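The primary structure of each chain is shown beneath.
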Amino acid sequence: MWLEMATDEMLNAAVTWKDKVWNWFADMDMWQGVLISALKILLIFILTRLFVKVIYRLIDRSLERREKNRLQMNPRRLVTVGELMKNVTSITANFILLMLVLGEIGFELGPLLAGAGVLGLAIGFGAQALVKDVISGFFIILEDQFAVGDVIQTGSYKGTVEMIGLRSTRLVSWTGEVHIIPNGSIINVTNYSIGNALAVVDLTFSQTRRLEESMELLKAGMEKLKQSHPEFSQAPNVLGIQSMSSSEYVIRIAAECSPSERTEVERLIQTFAKEAMEDAEMGRGTAVSR
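A short tour of the structure in this document, coming up. The model shown is predicted, which means the values in this text are computed figures rather than measured ones.

### Some remarks on the pairing of strand β2 (residues 157-164)
Side-chain positions along a regular strand alternate between the two faces of the sheet.
For step 1, the next point in the chain: Judged from the four bridges that link them, strand β1 (residues 151-154) and β2 form a sheet pairing that is antiparallel. Across the sheet, I152 pairs through a bridge with G159, a residue of β2.
For step 2, the next point in the chain: Where β1 hands over to β2, the hairpin turn is made up of two residues, of which G155 adopts a positive phi near 65 degrees.
For step 3, the next point in the chain: Hairpin remark: β2 followed by strand β3 (residues 168-172), antiparallel, with three residues in the connecting loop.

Put into structure tokens, the structure is as follows:
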């Protein structure tokens, strides 16, 4: 008796479940709503992809125009800026796509957006320095403030730029120290590589030496320097008297060069000027001995 009652209950439950499944599958209003939601989701996906492609094309064209306007624009910088802007566009578009799809499925977007806002605010407060560094690095790259290989000075740090990242910049000083500087702390920058540098050497002579003789001596030494180093397009310029006192006068020599070579050029000028003076002293001593 008990077994028969249990069997009847199971049969009734199975029939009821079957009827519910059949009614669910036969519910045309439900399927119509599912079809409309699926079409909306497909349309949202297509429009999002089209939006992303259009923004990508605008970014590429904008950077191409910027590259043509700047003769010395670093191609790596353009690639970095372009990829960053595309990533931001893709993340934003995908987030909006996800929210719209969840809304079509039936999720309540209000509590979800509120939770995302609180989470983003917490992350923002916890990573203020990081966000500042990234934003500063983005504008350093976008505005072409300096490039890899430039000689710059920011604050008390001076050196050659070895790497530019979104978070930090790496400088190598002429003595070999490596400085890693967060981009957010880079406020003022002096770029010595925008144009040619000027190597300047001041040489002191006694008033007992005639000015014309000293000038001719130095000009001969600078011509010899140019002949020994073909990379110089012209000989360093002997400008003339820079300052004078009762016992001595100072003659200035200047030469254009790249910022990274200024120290070496100044050494070469001093070396060939000293050799020219030594040769003159030797010639004078030989003439006296005769």
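### A closer look at the pattern of salt bridges
For step 1, the next point in the chain: This structure, assessed with the given rule, holds seven salt bridges.
For step 2, the next point in the chain: Across the salt bridge formed by D60 and K86, the nearest N and O atoms sit 3.0 Å from each other. Note that D60 is positioned in helix α2 (residues 28-69) and K86 in helix α3 (residues 75-105), a separation of 26 residues in sequence.
For step 3, the next point in the chain: Here D60 falls in the partly exposed class, since its relative accessible area comes to 30%.
For step 4, the next point in the chain: For K86, a relative accessible area of 15% corresponds to the buried category.
For step 5, the next point in the chain: A salt bridge links K274 to E278, with the nearest nitrogen and oxygen atoms 2.4 Å apart. One end of the pair, K274, and the other, E278, are both in helix α7 (residues 262-289), four residues apart, so they sit about a helical turn from each other.
For step 6, the next point in the chain: Here E278 falls in the partly exposed class, since its relative accessible area comes to 39%.

### Description of the nonpolar core
For step 1, the next point in the chain: Among the nonpolar cores identified, the biggest contains 24 residues, and L218, M222 and I269 are the most heavily contacted of them.
For step 2, the next point in the chain: Contributing elements (two or more residues each) for this core: β6 (197-206), α6 (211-228), β8 (248-257) and α7.
For step 3, the next point in the chain: Broken down by element, this core gets its largest block of residues, seven residues, from α7.
For step 4, the next point in the chain: Aside from chain neighbours lying at most four places away, what touches I269 is V201, M222, L225, P236, I253 and A255.

### Describing the pairing of β8
For step 1, the next point in the chain: Summarising burial for β8: seven of the ten residues are buried, a large majority.
For step 2, the next point in the chain: Strand direction decides the pairing type here: β6 and β8, joined by ten bridges, are antiparallel. Paired with S206 across the bridge in β8 is E248.
For step 3, the next point in the chain: Relative to β8, strand β7 (residues 237-244) runs antiparallel, the two being bridged by six bridges. The residue of β8 that forms the bridge with M244 is Y249.
For step 4, the next point in the chain: Taking the residues that link successive antiparallel strands as the turn, the β7-β8 hairpin has three residues.

### Structural notes on a nonpolar patch on the surface
For step 1, the next point in the chain: A cluster of nonpolar residues, L42, L43, F45, I46, L47 and L50, forms a patch on the protein surface that exposes about 570 Å² of accessible area.
For step 2, the next point in the chain: Take L42: it is sitting in helix α2.

### Some points on the sheet that holds β7
For step 1, the next point in the chain: Ordered by their spatial adjacency, three strands build an open sheet running β6-β8-β7, and the pairing between neighbours is antiparallel. Each of the sheet's edge strands pairs with one partner strand only, and the pair in question is β6 and β7. Taking the axes of each pair of neighbouring strands and ignoring which way they run, one obtains an average angle of 30 degrees across the sheet.
For step 2, the next point in the chain: Contacts from α6 reach β6, β7 and β8 within the one sheet, and its direction differs from that of β8 by about 25 degrees.

### Quick notes on the packing of aromatic side chains
For step 1, the next point in the chain: In the structure shown here, the tally under the stated rule is two aromatic pairs.
For step 2, the next point in the chain: Consider the rings of F138 and F139, whose centres lie 5.4 Å apart with planes at 80 degrees: the pair is edge-to-face.
For step 3, the next point in the chain: Classification of F139 as partly exposed rests on a relative accessible area of 38%.
For step 4, the next point in the chain: The ring of Y56 has K86 sitting right over it, with the charged end atom 5.4 Å from the ring centre.
For step 5, the next point in the chain: Positioned above the aromatic ring of Y192 is the side chain of K158, whose terminal nitrogen or guanidinium carbon lies 4.4 Å from the ring centre.

The rules behind each value
Residues numbered from 1 in each chain as written. Predicted model: local features only at pLDDT ≥ 70, side-chain atom pairs only at ≥ 80, totals over all residues. Heavy atoms only, no water. Pairing = 2+ DSSP bridges. Helix = DSSP H or I, 4+ residues; strand = E, 2+ residues; numbered from the N terminus. Salt bridge = Lys/Arg side-chain N within 4 Å of Asp/Glu carboxyl O. Buried < 20%, exposed > 50% of the residue type's maximum accessible area, 1.4 Å probe, protein only. Core = buried A, V, L, I, M, F, W, Y, C linked by side-chain atoms within 4.5 Å. Contact = heavy atoms within 4.5 Å. Patch = residues over 30% accessible without salt bridge, like charges linked within 9 Å, V, L, I, M, F, W, Y side chains within 5 Å. Areas by Shrake-Rupley, 256 points an atom, 1.4 Å probe, with all protein chains shown as cover. Axes fitted to C-alpha atoms, helices over the stretch in contact; angles between N-to-C directions. Phe/Tyr/Trp six-rings, centres within 6.5 Å; stacked < 30°, edge-to-face > 60°. Lys NZ or Arg CZ within 6 Å of the ring centre and 35° of its normal.

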